[in-house]
Amino acid sequence: MPQSLSKIYLHIIFHVKTTSPKIQEEHQERVHSYIGQLVNSTGCQTIRIGGIADHVHALCLLSKNETVAHLVEEMKRNSSRWIKDLSPSYKCFEWQGGYAAFSVSQSVVEKTREYVENQQTHHKKVSFRDEYLQFLNLYHIEYNEQYVFQD
């Protein structure tokens, strides 16, 4: 049987639904850790999970047996359930309906890991909205701004 060889790095971004409670700072590290466990449970390999109160960045190595859509579904569905049990303040917690996923060249994996790791500092200078639109433009993704941030 032919062997499938691949090494695909992904940078995934998704945000908290606008009507949902945000992730409190004291819970962010636990949430990121849990999402990393979910990534690993799919056969993918977590490199770094980060973010702030209203969104998450995940840098991972995609398994040759996994699809991006299924990976994100597992991350969001299972972490949403888990977050709701963290505190009564999260009983109405939900992620947005969509996500963004970008391929990452091996030559910039370390730079991307540092970027994901330093989200707190980064977002003191750049809003999530501006950051997200910058990624869409950088990757030449066509979008209608009217719908980008709808839940």
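These numbers come from a predicted model, not from an experiment.

Caption draft 1: Representation of helix H5 (residues 128-138) in the model. Of all the residues in H5, the buried ones are Phe-128, Glu-131, Tyr-132, Leu-133, Phe-135 and Leu-136. On its buried face, H5 is in contact with strand S1 (8-15), strand S3 (55-62), strand S4 (100-104), helix H3 (109-117), helix H4 (119-122) and helix H6 (145-148).

Caption draft 2: Representation of the pairing of S3. Extensive coverage of S3 is indicated by the burial of eight of its eight residues. As judged from the eight bridges shared by S1 and S3, these two strands associate in the antiparallel manner. Bridge pairing in S3 links Ile-12 to Ala-58. Pairing between strand S2 (residues 45-52) and S3: seven bridges, direction antiparallel. Paired with Arg-48 across the two strands is Leu-59, which belongs to S3. Linking S2 to S3, which pair antiparallel, is a turn of two residues.

What counts as what
- Residues numbered from 1 in each chain as written.
- Predicted model: local features only at pLDDT ≥ 70, side-chain atom pairs only at ≥ 80, totals over all residues.
- Heavy atoms only, no water.
- Buried < 20%, exposed > 50% of the residue type's maximum accessible area, 1.4 Å probe, protein only.
- Helix = DSSP H or I, 4+ residues; strand = E, 2+ residues; numbered from the N terminus.
- Contact = heavy atoms within 4.5 Å.
- Pairing = 2+ DSSP bridges.

Worth remembering: the numbers are spatial, not functional.
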